[in-house]
Amino acid sequence: MGKGLPKEKIGAFFSEVKTHWKTPAEGKYVSYKEYLYIFLGIGSNYTGSKILENIGFWASCYLFMHHYKLPYLTFSIIGIINMPLNYIWTLIGWVINDNLGFLSKKTERKLYALYTSLIVIGLVMIFGKFDFLSNSTNAFIVYLNNMESIGINAASALKILGTHILWNGWAGARNIFYRKKLVPKYGRYKYSLYCDVIPKCIMVILVGWLPLYEIPDMVTRVWAANLLFACFNIFGFGNNLETCSKSISPNMQERLLVRTYPVKLSHFVHTIVSILILVVVDSLEYEWADINLYRWVYPLAFIIPAALTMVFAGKFQERIPQPPLEKKVQIKFWDGIFGVLRNKYLRINTIVGLIDALGNGMLAITTILYLYTFRLAGLPYAIIINLISFAGTPPDLCAPFFLKRFDYKQIMIFYQLTRALGNALIVLAFMFCGDNLMLCGTISIIVMFFMEMTKTIPTTAGHEMGTRMGDYQMYLSGERLESFSGIFGWFTGPVTSFVGLIIPIFLLKFGFNSNWDVLYLDEARVKIIAVPLIIDIVGYLLMTIPYIFWDYDNVKQAKVMKVLQRRAEVTAKQAQEQGEKISGGFTK
Amino acid sequence: MKNKEEKQFKGMTAPVEVSLDIPENEIWTYQIEGLAAPHINKPFTNFKIKKIVFTVLILIAVLLSMYFSVRVVSREPFEFTASENGYEFTKFNNTGYIYELTVDYATELVTKTDVADPEKNFELVKDETKPVTSIAKFCFNCDEVVEVIRIGKDVKEIDGTSFYTCRALKQIIVDEENEYFCDIDGVLYNKDKTEIICYPMNHPAYLREKYGYNDTIWPDNSEFYASYKAQVLTYVLPETVEKIGKLCFADTAIAAIYMPEGLKTIETMAMFKCWYLSDIYSYESSTAGDITDYSAIRMLSGVYRSLPDGLEYIGSDAMSYDRSSDFLRIPATVTYIGHHAFWDTVYKDGDKFEGNEKIYIAASEEEFKSVETGDQWIPTYDSGLFNKKVELVYNTPKRADELAQYTQKEDGTYELTSFINTELLTEVTIDNALTVENGEVKEDTSKKVTSLGAYPFKWDNYIETVYIGKDVEQLDGNAFFNLRALKKIIVDKDNENYCDIDGVLYTKDMTVLLHFPAAYEKCDTYVVPSTVTKIARAAFCYSDIKTIYFPEGLKEIDNLAFLKAEKLEKIYSYKADKEVLVTDESAVAQLSKVYESLPEGIERIGLDGFNYASSLTYLYIPSSIKNLDGYCFCYNAYVDANGNKAGITEVNVALSETEFKSVTKGDHWLPEFRNESNDTATINFDAKR
């Protein structure tokens, strides 16, 4: 038995693939040809979206670090300027998003009027002359003008706010228009790729080629860059196809297989592109500080995968059992709010996230270990990095096996306990053999290896739990309410912000600031590692408690899917009987 | 068979099978056992109360979120905590406009709301009932604005890390009444000067201002760098110093350091990332007292290249990333070397080693085994796939006092490569090699010196006369660059390669003027002989020449030729009817066809040719010009104290605008006023003399 089984299984696998290359097996929804398209499509989409992570209006972006030369505080201040109004736009956005853009005519007209007004107001604020504010002695204006050293004054603050208003007007109007036009055809997750990909490519090129970083006056440079990146951000190019793949099948096991194999493997495309980019960057005169990185390298690295994404995007689809759009449940604001608040599992997840915030502001321990403790570089660095990152791959590929044998509660509690134990060992290593760098580092790396090994299956479980929570929400409220679930973030915001201040305050006290070289100082480094890790350990232990209340098992999920399928069938039938057009539903 | 295979494979992914019987009219209400009931298109119970509660809660949450977000970016400029003896200054958060600060009493920033200018609309109010007695670790960490910190009389505790990464900090000045600390010219010490605590990161900027440098000068500008390095980047630790504190010199631009033999401890990261630190000297005794700049070097005796004998403790990362040093000797007295103490002080540039290719150790290999060493204290370099440690050379003796260093050439004669004027000589003869024995300078007749390397004297303020022997066959004007006290160069009459006229150095055929001594005594007027076709590189650099007469045969003024000749007011040229070899003022009356201009026939003015010759007001460039290299007149214009443009405000060119286009011009050749509008001098084409 032992000898014959692998060969038999391999044969069975190939036979299965051949038989169901174009037609899915009974009880399944995805053919193996679709697996291939998932691999190619997500590989391209993931690569493109990852490239975009290098281009953004944040301090760690090389464009801002080397060319715009803006202080990091500038980005925080802009965030604060935009913060109050942002709450309002978000609320409106939730209603639009979770209704997939299908609103009553009256609401739609009102929203278009609002968004048009915002665009006009935004433009007036951006291009209006507010220089007179520089001489004002009003306390608030003086306060704003005092921020000139970080590139902001009262006049530019108005322009920044105007940019925010313009952006929200423009983005809001697009949101209604394109969702309504494209969701019926392309589904809720993929539609935005179709309307955004071309303008996004143009913006990626413009970001590198528009020489706004040459503006000598920092105040002007800041608001101009903010405006440029607002335009850049209007057009999204997220990892939409992977999100779509999470709902590729109503069959729970099948979507787990899809996530484990074609999706995971597709990420290697990005790994290869990243290596190529490293090689190209190495050949640039100023490496990461070379503007050609933004003029040629990133545009090319983005546009090619973006084009491939569009080639494969249409080759697979989401399969959420849902009524046709014509029979879709209309989500009013309060339905949405109270709907998500009723979701027990979202509440559990929120509490976990809240406790997890205890680690907010912590530095990446791997960076500290590799670069500041061991001074790794070259081949040894590459070996250790790859060894540790590879540690998670074999278990990852076996995720379906483990997820079938253990329930999610067990897996997540195991995950939190292993994090707590692993971090405790690292802290002990630093505290008791910190002087012996080799010993301390070796212990830390072995622990990290095992932590990485035990991380990937819970991560997969976590993703699956997220999808299941969406299914359950759909059962509860008739829609997934993915946007409305953001309300939990509003409630936890103050706590996470407050808790997130704790570690940075400690780090500041231990000497950590914009100069990371302080990590070479032994006394500072040990404290910078150990104290946040201890707080994190407490967090991991506490995080096991909410999971005790997680009782959403496979049977419940299967029943939820049955309900959803039944709703889809019945509503589709009713629509047909009433002679209505059917679009966007999935009834199998 | 196939069915069996399928079954086995499907076994892994078999879905949970459930069946539910849901009537059509219950699809929106059907409740699954163990889960909450769906709530779709139905009114909520107690809807109004729920709405109100929700709204109130969410408003509180939002307001708190906004408050904490603002808290993240807004901190009090001054944070103090009460301690037993007074107040500890725990954190300074600069508003961006505080350039000078006195740490004596608890301070509060009060904004003046009636003033718009952010530089002036605040006031620092001190509470004199709250004296500051300590400054916490990392108190000023990463401040990028404050330039001067004054320490009050009551401060008793300061940690070396307090001022870490204050990139703009030029000086730390301590109140003279303070019983625990003091400063020497803006560098922080403990009161008895046994420990140097902090050398401010931007102290070189203060020294630049002190010594009249406008900009930073980098090592690749070798002519300037020698003097810059001496005046701005050299530090002499007083003889009293026993300890260099934690992070003391970290991230500074210091290039040369002199340490006393009494030094016992170099703390953790004390000289971390001193990228330009190339010269580490030690000395046996000093009469310099509190003089810590380059001028103290002359007051040191028993100077040698090494960490000082007597040193016991070298902390972790003490000198890591100091890549400019190429000689490091660890004395036999060392008992502890921390981890990574010399990390990354060597690297390979292609096949060539840079930095500390070897570490020299005074002790024997056996003796050195007793030294406690941390991990990776030996620097490593890339070698194939893995790094390789540098070689340790044991039993390295302390180098003897060296007045001069010579390198033997292929023909057996010697080249003078370095001359450190430890004996304060005013006259130097370049003929036989010089050595010092028991404080006496002697000639070693077995070593014949026939050439001088580039900048052998580096920086010297004492040498007034240089005698060049008959056998010297190779030198250039650069050899005497930066000898500010040099009055004359006398060449042996039998020398076949060089000659002098009245102390000015020429090639034997008199076609190249090689060097005009910086302290030449008859420098009001100088007539360049009619035979001269080229003024050599740096020939008049730093000289006090006021008026110069060029012959019409002059074709080239090489790089840096009149750089920093700040007193040069007039440039005349003459056409020689007969050979002119008299060079002083008496010759002027004999010259015919004199005109105020660069000479007809001049073809090239080299890089920095007249740069910083700021007393020039009139410039005429004849039609023969072909090359105007970069910066040749760049800083010859300026805006004076009254805001008026001064120096060379106009450049008169004999050529037409079209003809002038064919002249090769380097970057910034034209005089620049360095004002806000970046004005440059105007060019008058087709100008007449």
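The residue count restarts for each chain, going from 1 along the sequence in the order it is written. Chains carry letters and ligands carry numbers; both start at the beginning, A for chains and 1 for ligands, and go up in the order they are written. Reporting in this predicted model follows two pLDDT cut-offs: at least 70 for local features of residues, and 80 or more for side-chain atom pairs to be given and counted; totals over whole chains, interfaces and linings ignore these cut-offs and use all residues.

## Quick notes on the pairing of strand E31 (residues 414–419) of chain B
Residue and element names in this part refer to chain B.
- Two strands pair when backbone bridges link them, and strand E30 (residues 404–408) and E31 are joined in this way by five bridges, in the antiparallel orientation. Across the sheet, Ala404 pairs through a bridge with Phe419, a residue of E31.
- Paired strands, in this sense, are two strands between which DSSP finds at least two bridges. Every helix listed is a DSSP run of H or I at least four residues long, and every strand listed is a run of E at least two residues long, numbered separately from the N terminus. What sits between E30 and E31 in their antiparallel hairpin is a turn of five residues, with Gly412 showing a positive phi close to 95°.
- Summarising the sheet, E31 and strand E34 (residues 440–452) pair through three bridges and their orientation is parallel. Counterpart to Tyr414 in the pairing with E34 is Val449.

## So, the sheet that holds strand E3 (residues 100–103) of chain B
Residue and element names in this part refer to chain B.
- The sheet built from three strands is open, its strands ordered E3-E6-E8 with parallel pairing. Bordering the open sheet on either side are E3 and strand E8 (171–174), each of which pairs with just one other strand. Averaged over all pairs of adjacent strands, the angle between their axes in this sheet comes to 15°, without regard to strand direction.
- As paired strands, E3 and strand E6 (residues 148–151) are joined by four bridges and run parallel to one another. Within the sheet, the bridge partner assigned to Glu100 lies in E6 and is Val148. Note on definitions: angles span 0 to 180 degrees between N-to-C directions of axes, and those axes are lines fitted to C-alpha atoms, for helices only across the stretch in contact.

## Remarks on the environment of Ile51 of chain A
All names here are of chain A.
- Relative to the helices and strands, Ile51 is located in helix H2 (residues 32–52).
- The class of Ile51 is buried, set by 25 C-beta atoms lying within 10 Å.
- On a C-alpha basis, the gap between Ile51 and Leu257 in space is 27 Å, while along the polypeptide they are 206 residues apart.
- Those residues in contact with Ile51 that sit more than four places away from it in its chain are Tyr298, Ala301 and Phe302. Exposed residues have 12 or fewer other C-beta atoms within 10 Å of their own C-beta, buried residues have 20 or more, and partly exposed residues fall in between, where C-beta atoms are placed from the backbone. Here, residue contact means that the backbone-derived C-beta atoms of the two residues sit within 7 Å.

## Description of unusual backbone geometry
Residues and elements named next belong to chain B.
- Phi at Leu247 takes a positive value of approximately 60°, unusual for a residue other than glycine.
- As for its placement among the helices and strands, Leu247 is situated in the loop between strand E13 (243–244) and strand E14 (256–260).
- Look at Leu247 and you get buried, because 30 C-beta atoms sit within 10 Å.
- In this model, Ala538 sits at a positive phi of 60°, which is unusual for a non-glycine residue.
- The residue Ala538 is located in the loop between strand E41 (534–535) and strand E42 (547–551) in this model.

## Observations regarding the domain arrangement of chain B
- Boundary definitions for the domains trace back to an automatic or database domain assignment. As far as domains go, chain B holds domain 1 (47–76), domain 2 (77–179), domain 3 (217–399), domain 4 (402–503) and domain 5 (522–689).
- For domain 3 of chain B and domain 5 of chain B, the distance between their C-alpha centroids amounts to 44 Å.

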